[in-house]
Amino acid sequence: MEFEVQAMFKSFPFLLEGMKWTIYFTVTGLILGFAIGVIIGFGRTAKNKLLFSAATVYVEIIRGTPILVQAIWIYYALPELLGFNLNEFMAGTAAIAINSGAYIAEVVRGAIQGVPKGQREAGRSLGLNHFQTMRYIIWPQAFKRMIPPLGNQFIISLKDTSLFSVIGAAEMTLKATVVVAANFSYLEVYSLLALMYLSLTIPLTIALRSLERRLDVS
Amino acid sequence: MNIIQVTDLHKSFGDLEVLKGITEEIKEGEVVCVIGPSGSGKSTFLRCLNMLEEITAGEVLVDGFNLIDPKIDINEVRAETGMVFQHFNLFPHMTALENVMLAPAKVRGISKEEAKTAGLAMLEKVGLSDKAYVYPDNLSGGQKQRVAIARALAMNPKVMLFDEPTSALDPELVGEVLEVMKDLAKEGMTMVVVTHEMGFAREVGDRVLFMDEGIIVEQDLPEKLFSDPKNDRTKEFLRKIL
Ligand SMILES: Nc1ncnc2c1ncn2[C@@H]1O[C@H](COP(=O)(O)OP(=O)(O)O)[C@@H](O)[C@H]1O
Ligand SMILES: [Mg+2]
């Protein structure tokens, strides 16, 4: 067996190009996913049966199907319903948004329900209405509890983007397979690929742990 | 004038009937202490007075508002009734002063500056001017409860409801909270106090209600109820607790 460091260096710029898209999918997808998660998460805490059921159906459908299936469904099947095509970047972003939205919804629900009941009662007993109590008392405390699981979701979604090679999105993993098809340096290129994912996830994990300590949420 | 008028109040949680017909009048400026064994419905009674619990049947009038009338603005009524909880329920993400300022600013709509001035005055009243910028986590239990009292008072309520305000405190911290409550009583605040502090009830209370199994079994002037209870259940409870 021969390990050609040379091949790693040569393929690095290509993979770096793909990393931009990996980050793009993760960041834009999660921003949208957070918006979805907050809306669906509130739905999951709603007293209104219809809102609650709709939110629950969403969460169960998304959590019950693989993100790979969601991505190919959005890219290949959804256009037949919509009547127009989505490019691979739109489809990838949508897949992360819709998928993370379901998981973030559960994070939001758990964080809101985790705020002690006495906090709501104290707010209401002072004459604050439901919305004010949520806005000034529950949400700030819930948000703090959401930060660690949101960080975890960021890492999960980042790794999920590697599946978008199936819809031809030029993220890091697809780039690696393209390079390998040309130079056959499987060991070097795929090792580099793994290292490049780690170069993103390890700093994130460390930052997250220190943030958790500073926020003092366990 | 009766600031609180309760007529045949019933409250159930599912099949469990917790309040079984309570009729009671509380006059403006009165200090009424509620005693009774655990589980007898004291907290539930108090919580019905500001609609933290939905009323199952009967009628509750607070400051002329009929709580079961769906047309009233319940937030308006709650703004007139301060509530102090056993476990303080301070907002942990806000300083003592912010805790006190929140409702006046958001519910009454007064300016931040006004709310701050009033908030500092309230903290001074409970002896905590020096803790204005401290977070609840860094306050003792007694200090937390005094902030909670200041927070309720900042709304200028007409009635103050206390649900075992000293039960969660270390014994050496009970006194400072009771002092604040005594001062309030002296100023003429209408107070309904669920408490196990018989000394407080005797000294400050105008009346004591003894509750058991969802009804008011007996009520009287404190000295009378404590020295000469009529009902057997009252006698037994007092024998255990005194
Ligand atoms: N939210 C609730 N749901 C069901 N049961 C309740 C609830 N709150 C109180 N109870 C029940 O009502 C009874 C009276 O409770 P409570 O008013 O807290 O009594 P006290 O304050 O006198 O100890 C108890 O049996 C308690 O378990
Ligand atoms: Mg109680």
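Owing to the predicted nature of the structure, the values given are computational and were not obtained by experimental measurement. (Residues numbered from 1 in each chain as written. Chains lettered and ligands numbered in written order. Predicted model: local features only at pLDDT ≥ 70, side-chain atom pairs only at ≥ 80, totals over all residues. Heavy atoms only, no water.)

Is there a simple way to explain the site of ligand 1 in this structure?
Residues and elements named next belong to chain B. Phe 13, Leu 16, Val 18, Pro 37, Ser 38, Gly 39, Ser 40, Gly 41, Lys 42, Ser 43 and Thr 44 make up every residue found near ligand 1. The contact in question runs from an oxygen atom of ligand 1 to an N or O atom on the side chain of Thr 44, over 2.5 Å. Alone, ligand 1 offers 560 Å² of accessible surface; in the complex the protein occludes 59% of this. Of all the elements in the fold, those that place two or more residues in the shell around ligand 1 are strand S2 (16-27) and helix H1 (42-48). Taken together, the residues of the shell around ligand 1 break down into 4 nonpolar, 6 polar and 1 charged. (Near = heavy atom within 4 Å. Polar contact = N/O pair within 3.5 Å; in protein donor to acceptor, adjacent residues only side chain to side chain. Areas by Shrake-Rupley, 256 points an atom, 1.4 Å probe, with all protein chains shown as cover. Helix = DSSP H or I, 4+ residues; strand = E, 2+ residues; numbered from the N terminus. Nonpolar A, V, L, I, M, F, W, Y, C, P; charged D, E, K, R; others polar.)

Sorry, what's going on with the pattern of salt bridges here?
Note on pairing: side chains with opposite charge can pair once their charged atoms come close. What the rule picks out here adds up to 21 salt bridges over all chains. For the salt bridge of Lys20(A) with Glu17(A), the shortest nitrogen-to-oxygen distance reads 3.4 Å. Of the two residues, Lys20(A) and Glu17(A) are both situated in helix H1 (residues 5-44); the distance of 3 residues between them amounts to about one turn of the helix. For Glu17(A), a relative accessible area of 36% gives the class partly exposed. Put simply, Asp212(B) and Arg233(B) hold a salt bridge, and the shortest N to O gap is 3.2 Å. Note that Asp212(B) is positioned in strand S9 (residues 207-212) and Arg233(B) in helix H9 (residues 232-241), a separation of 21 residues in sequence. Connected through salt bridges with shared partners, the residues Lys117(A), Glu121(A), Arg47(B) and Glu53(B) form a single ionic network. (Salt bridge = Lys/Arg side-chain N within 4 Å of Asp/Glu carboxyl O. Buried < 20%, exposed > 50% of the residue type's maximum accessible area, 1.4 Å probe, protein only.)

Got a minute to help me understand the confidence of the model for chain B in this structure?
Should pLDDT be low for a region, the predicted coordinates there are not to be read in detail. Here chain B averages 96 in pLDDT, while 100% of its residues score no lower than 70. Taken together, the chains of this predicted complex give a pTM of 0.89 and an interface ipTM of 0.93. (pLDDT = per-residue confidence, 0-100.)

I keep staring at the packing of helix H3 (residues 67-82) of chain A against helix H4 (residues 88-114) of chain A and nothing clicks. Help me out?
Angle between the axes and distance between the axes: these two values describe a pair of packed helices. Residues and elements named next belong to chain A. For the pair H3 and H4, the least separation of the axes is 9 Å and the interaxial angle reads 135 degrees. Classified by the angle between their axes, H3 and H4 sit oblique to one another. For the crossing formed where H3 meets H4, the hand is right-handed. In this structure, H3 contributes Ile 67, Gln 70, Ala 71, Ile 74 and Tyr 75 to the contact, and H4 contributes Glu 88, Ala 91, Ala 94, Ala 95, Ile 96, Ile 98 and Asn 99. Considered class by class, the residues forming the contact of H3 with H4 number 9 nonpolar, 2 polar and 1 charged. (Axes fitted to C-alpha atoms, helices over the stretch in contact; angles between N-to-C directions. Parallel < 35°, antiparallel > 145°, perpendicular 65-115°, else oblique. Left-handed = near helix turned anticlockwise from the far one by under 90°. Contact = heavy atoms within 4.5 Å.)

What is the right way to read the sheet that holds strand S6 (residues 81-84) of chain B from this model?
Within a sheet, adjacent strands bond to each other through the backbone by hydrogen bonds, running parallel or antiparallel. Residues and elements named next belong to chain B. As summarised here, the arrangement of the 6 strands in space is S6-S7-S8-S3-S9-S10, forming an open sheet in which the pairing is mixed. With partners counted over all chains shown, the strands left at the sheet margins are S6 and strand S10 (215-220), one partner each. Strand-to-strand, the axes of this sheet are offset by a mean angle of 20 degrees, without reference to chain direction. Of the pairings in the sheet, the one linking strand S3 (residues 31-35) to S9 comprises 4 bridges and is parallel in character. In the strand pairing of S9, Cys 33 is matched with Val 208. Against the sheet, helix H6 (residues 171-186) touches S3, strand S7 (159-163) and strand S8 (190-194), its axis set at about 145 degrees to S8. (Pairing = 2+ DSSP bridges.)

Would you explain the interface of chain A and chain B in this entry?
Taken together, the 16 residues of chain A in the interface contact 22 residues of chain B. With both sides pooled, the region where chain A packs onto chain B buries about 1,600 Å², and carbon together with sulfur makes up 61% of that total. Looking at the side of chain A facing chain B, the largest losses of area belong to Ser125(A), Leu126(A) and Tyr136(A), adding up to 36% of the total buried there. Here chain A and chain B share 1 salt bridge between them. Between Arg47(B) and Glu121(A) there is a salt bridge, and its shortest N-O distance comes to 2.7 Å. Secondary-structure elements contributing two or more residues to the side of chain A that touches chain B are helix H5 (117-125) and helix H6 (130-160) of chain A. The leading source of residues in the side of chain A that touches chain B is H5(A), at 7 residues. Its residues placed into classes, the side of chain A that touches chain B shows 6 nonpolar, 8 polar and 2 charged. (Buried area = accessible area lost by both parts, 1.4 Å probe.)

Please explain the sheet that holds strand S1 (residues 2-13) of chain B as it appears in this structure.
Spatially, the 4 strands line up as an open sheet ordered S2-S1-S4-S5 (chain B), and their pairing is antiparallel. Lying at the two open borders of the sheet, with one neighbouring strand each, are S2 and strand S5 (65-66) of chain B.

Sorry if this is basic, but what is going on with the packing of aromatic side chains here?
Each aromatic ring pair is specified by the distance between its two centres and by the angle formed by the two planes. For the coordinates displayed, the defined rule picks out 12 aromatic pairs over all chains. Ring centres 6.3 Å apart and planes at 45 degrees place the aromatic pair Trp21(A) and Phe25(A) in the tilted group. Taken as a pair, Trp21(A) and Phe25(A) lie in helix H1 at a separation of 4 residues, close to a single helical turn. Taking relative accessible area as the criterion, Phe25(A) reaches 0% and is therefore assigned buried. For the pair Phe25(A) and Phe164(A), a centre-to-centre distance of 5.3 Å together with 85 degrees between the ring planes defines the contact as edge-to-face. Highlighted residues: Phe25(A) in helix H1 and Phe164(A) in the loop between H6 and helix H7 (172-183), separated in sequence by 139 residues. What links up through ring pairs into an aromatic cluster is the set Trp21(A), Tyr24(A), Phe25(A), Phe89(A) and Phe164(A). Directly above the ring of Phe13(B) sits Lys11(B), whose terminal nitrogen or CZ lies 4.8 Å from the centroid. (Phe/Tyr/Trp six-rings, centres within 6.5 Å; stacked < 30°, edge-to-face > 60°. Lys NZ or Arg CZ within 6 Å of the ring centre and 35° of its normal.)

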